[in-house]
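# Overview (structure and organization)
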Amino acid sequence: MRNIESIWLVLLISSAAAGQTATSPNASPYAGSEACGACHEDISNAFAKSPHHLVDLDKKRGWQGRACESCHGPAQKHTESVSADDIRNPAKLTAAAADQICLGCHLNQPTNVGRLQSSHAKDQVSCTACHKVHANGPSGMVMRKASAINEQCRSCHVSAWAQFQKPFHHRLPEGVMSCVDCHNPHGSIRPAMTQIFAANEPGCFQCHGDKRGPFTFEHAPVRFESCATCHEPHGSANPRMLVRQVVRLLCLECHASLPTVKVSRVLGVVPPAFHDLRSPRFQNCTVCHQKIHGSHVDRNLLR
Amino acid sequence: MALVAPILAASILAAPILAQQQAGTPPAAPAAADSKPTAPVAADSKPAESPVPANESWLTGSIDFGYRWRTGVAGSFDAYRSIVNLGSGPKLLGAEFTLTDPKHRAFDQIHVRAYDWGDDPYSSFHLDAKKTKLYEFNADYRDIAYFNFLPSYADPLLARGIVLNEQSFDTRRRFANLTLDLLPGNWFIPYLSYDRDSGSGNGATTFVSDGNEYPVPNQLHDQTSLYRGGVRFELRRFHATLEQGGTTFKDDQSVYQRPGSTNFGNVLTPVLGRTLDLTSLLASYGIRGTSVFSKGLFTASAASWLDLYGQFLYSQGDSDVHYQQAATGNLYLQNQILFYSSQQYLLSAAAKLPHTTGSLGAEIRPLHRIRIVESWLTDRLHSAGSAGSSQLLSGVGISRPMTALLASSIATNYNQQEIDVFFDATSKLTLRGGYRYVWGDASDAILPPAGLASAEQGQLRRNVGLGAVTFRPSHRLSITGEAEGGSSGGVYFRTSLYDYQKVRAQARYAATASLSLSADFTILNNHNPLPGVGYDYLAHQESLSVLWSPAGGKRWDFEGSYSRSDLRSNIGYLSPQDLVMQASLYRDNSHTATALFNVNLPHGSRVSPKLTAGGSFFISSGSRPSSYYQPMAKLWLPLSKNLNWFTEWRYYGYGEAFYLYEGFRTHLVTTGIRLTR
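In what follows, the accompanying structure is described. (Residues numbered from 1 in each chain as written. Chains lettered and ligands numbered in written order. Predicted model: local features only at pLDDT ≥ 70, side-chain atom pairs only at ≥ 80, totals over all residues.)

## Overview of the overall build of chain B
Counting its regular elements, chain B contains two helices and 28 strands. Considering chain B as a whole, with its 677 residues, one finds that 32% of them fall into the buried category. Excluding contacts between residues fewer than 6 apart, the proportion of contacts in chain B whose partners are at least 24 apart in sequence is 59%. (Helix = DSSP H or I, 4+ residues; strand = E, 2+ residues; numbered from the N terminus. Buried ≥ 20, exposed ≤ 12 C-beta atoms within 10 Å, placed from the backbone. Contact = placed C-beta atoms within 7 Å.)

## Section: the overall build of chain A
Within chain A one finds 14 helices and six strands. The long-range share in chain A, meaning contacts at least 24 apart out of those at least 6 apart in sequence, stands at 52%.

## As for the pairing of strand β5 (residues 122-131) of chain B
Residue and element names in this part refer to chain B. In this structure, strand β4 (residues 109-117) lies alongside β5, joined through seven bridges in antiparallel fashion. Bridge pairing links Y115 to S124 in β5. As consecutive antiparallel partners, β4 and β5 are separated by four residues, and within that stretch G118 has a phi angle of approximately 120 degrees, a positive value. For β5 and strand β6 (residues 135-148), the ladder comprises 10 bridges, and the chain directions are antiparallel. By the bridge assignment for β6, K131 is matched with Y135. Joining the antiparallel neighbours β5 and β6 is a turn of three residues, in which K133 adopts a positive phi near 70 degrees. (Pairing = 2+ DSSP bridges.)

## Some points on helix α7 (residues 95-106) of chain A
Residues and elements named next belong to chain A. Over its 12 residues, α7 runs 15 Å from end to end, which matches the ideal 16 Å to within 8%, given 1.5 Å per residue. When we look at burial in α7, the residues that qualify are A95, A98, D99, I101 and L103. The elements touched by buried residues of α7 are α5 (67-72). (Expected span 1.5 Å × (residues − 1).)

## Quick word on the interface of chain A and chain B
Each side of the interface is counted separately: chain A has 115 residues, and chain B has 169 residues. Put simply, the parts of the chain that give the side of chain A that touches chain B at least two residues each are α1 (2-20), α4 (53-57), α7, α10 (158-163), β4 (217-218), α12 (220-224), α13 (247-254) and α14 (261-264) of chain A. Looking at the side of chain A that touches chain B, its residues break down into 55 nonpolar, 33 polar and 27 charged. (Nonpolar A, V, L, I, M, F, W, Y, C, P; charged D, E, K, R; others polar.)

## A look at the pairing of strand β18 (residues 455-474) of chain B
Residues and elements named next belong to chain B. Inspection of the sheet shows strand β17 (residues 429-447) paired to β18 by 17 bridges, in the antiparallel sense. Bridged to Y437 within β18 is N463. Alignment of β18 against strand β19 (residues 477-490), held across 12 bridges, turns out to be antiparallel. Looking at β19, one finds that V464 is bridged to G486.

## So, the nonpolar core
Counting 47 residues, the largest nonpolar core has V266(A) and Y492(B) as its most contacted members. When residues of this core are assigned to their parent elements, the largest contribution, six residues, is made by α13(A). (Core = buried A, V, L, I, M, F, W, Y, C linked by C-beta atoms within 7 Å.)

## Some thoughts on the environment of H120(A)
All names here are of chain A. Among the secondary structure elements, H120 is positioned in helix α8 (residues 119-122). For the pair H120 and M193, spaced 73 residues apart in sequence, the C-alpha to C-alpha distance is 9.4 Å. Apart from the residues within four sequence positions on either side, H120 is in contact with V125 and P185.

## A look at unusual backbone geometry
The residue after G213(A), namely P214(A), is reached through a cis peptide bond having omega 5 degrees. Residue position: P214(A) is located in the loop between β3 (201-202) and β4. Cis peptide bonds are those with omega within 30 degrees of zero, and the linkage from L447(B) to P448(B) qualifies with -5 degrees. You can see P448(B) is positioned in the loop between β17 and β18. Despite not being glycine, L579(B) shows a phi value in the positive range, around 55 degrees. Within the fold, L579(B) resides in the loop between β23 (556-574) and β24 (581-600).

## Focus on the environment of D298(A)
All names here are of chain A. Tracing the sequence through the fold places D298 in the segment after β6 (294-295). Separated by 139 residues in sequence, D298 and S159 have C-alpha atoms that sit 40 Å apart. Excluding its chain neighbours within four sequence positions, the residues that come into contact with D298 are F217, K291 and R303.

Have a look at this one:
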């Protein structure tokens, strides 16, 4: 363990040292943003209102007056030849190569700390698939309005959007919620890139605070797996977005009363009770076991 | 933990001082050493003037308001409220505006958005304000009606007819979030945030007593407040975020039945010749909780070929509970065959839940075309609770005091290690292969034991192979496919992923400049062959969407999608009353389509009306056959440069084959005006 710590320490120190000794890029011929704007007027005008325009103004960032070339590379040759071959177009690079340009500045921000777990990054979905680098507006460089975010996400995630058309769904089609309320598009350590609440709790508790606990008597699946064990988070034909049509089958699939717990070594299998399910009274388990997410009071989750 | 708070406090306090130093420091000053330029600074070091025109309007935006009529709801009004819940009345349908201060005094710009105000089931408000390099402020507020009253979900008396749903509620949940980032764009960014989540309202629940359960009214009120503050250090080659926060929680639910009425509950059959009833009840929960949490994040560009990532997350929540219950009636204690007429019950309980998560990872680029991503994650959650209760059962000739002490715990340790190798075979083709190993253990116990399920332990072992291909032969076409296959040596639950295969494919094709298509396919096949489980699960979904806007949508455009999904799940269980093997079979075969057709209608020189028509439908068969139609049409009529009139029609139709009484249909017509500036 101590060895591992030492290795990390050496790695960090050496990386910092490497950072200090990094040299500036070659003094290639730069044209300057004004030269770019002479031909690309629309882009230049939009860019002037963009948060990225700061790159053009801020001396510290090293690209003062050359913001265009911070992504597109030296443009002097391009201004002379007017050939697309003489300028770097990130849109024509591989996603990873294009992202490296963005990450040159943006890697060292908390937004990207979950990038290694991001399925977007793994599937070569580049930053520019969602962020418009030149554009500006009330949304900045990315959609901010819930309905606009949803529209952008659904352009790829068609299947997910279809699930929201089911009768019991989170309020995304209505525009009061957006995909990023639950998912972090940059990546997250939680499954399905879901958001995190209060450091390391499931993002569901952001809105469903009454289900958060800690409970005196927990219902294990909530902690060991996720809310999605019982709920379809996007939408379902079943009330309360359950994954089964009736409550008792959902419960019985785990609480199966099977005496083979030592063979299958799964939790919750042994008979919790011997109710007669033929009686309507026992067909909806949550009528009595109402504190199904966990109870502060009763070990059987009855109150 | 003890160190984080003082460091954080010192950092926040030092922020303004450092910021002032930063502002007056030449670029070569030590504070900016890590922010040194990546390219030569322009020889002409005079800051470029912003080309933004200074005479832009200080206020731009639009506001939509109008009136909505709802026709009578045919069918189940409760189901309508559970699913749609839109009502009649005057509405502020939407407002979006931007305030700009050309002199950049207190702010550069303020953006405000507000939607669906006027007793709508979901209302929202959002405000963004910023002043470059000084602050960014975001405020968000949402108010969502949360209504659920569906007999098919929980009607234990269905055999006697459709009666009160015993797990229903009519509540509102309200969320507020305020976030302030100071010195954005600086290398040192302190931030503060406050979140509030509250719910309140009424409902119906059950008071469960031995031998019977009684539907009773329920008052709900809970509130969570979250406070957090931190600082981000964003340097050229290194970033670190330190955050400290805490939450407070309270839940004051009360369940009651006023004296003077008799509630016979769900069981009308006499027990040992006596009819059970409840004549009064007051049960109140006093739950108070707090939590503290710490967060440390870092990313580092260690070298041109190496990026490092790490997270340390810690939280500890605790709760204190005081529950009291007083009930009268003809009540019954089954295990002692005891009838009593009054019960006093008091309980005090406490729980703690420390939760630690750590993650480390690296992206290594040893060669131009190869990237290796290695990540490791550990997550440890241990919860412990204890409860002490005393109750007094009394009746004619009876006074039976009873006490109990219970202790509970659950613990889970989850670990995951994954390596992925990316290979850019060509500039258009990227291949990925990887391997993930997941392992952990979990335990769940309540002492003293009662019944058969008081202490359990489980293990998780899973090997997962990963593969993916991304092919972009041209700008018009991109194809992505990824596959994952897992084999488990132990899982926690019968329905957990065990031996599974997951495949996802996606293609996007821009056939012309005006026509683009995308298709999506997913399949998940999960199988657990262990004795006593025998679980088979297969789900697949296929989707196709089209966007067609000839001539850039000048005359018309169309956007549509169609999805088909099929889900089959088979698992066995023993029916608890006779321990006979039964099968839980779940089938869901659904078709979903959405469409939106925009037409710019023929017009004169001044008026150019626009018609939008479309909507969605969902039809399913299987275990819960249902249909849900939401067609709509909207007409826009510009009356002047800054004034539009619109009218919209929507229809909601919901039907269920098995629960016909839950179907509904209604029309909504909204008309209003949009003012723009």
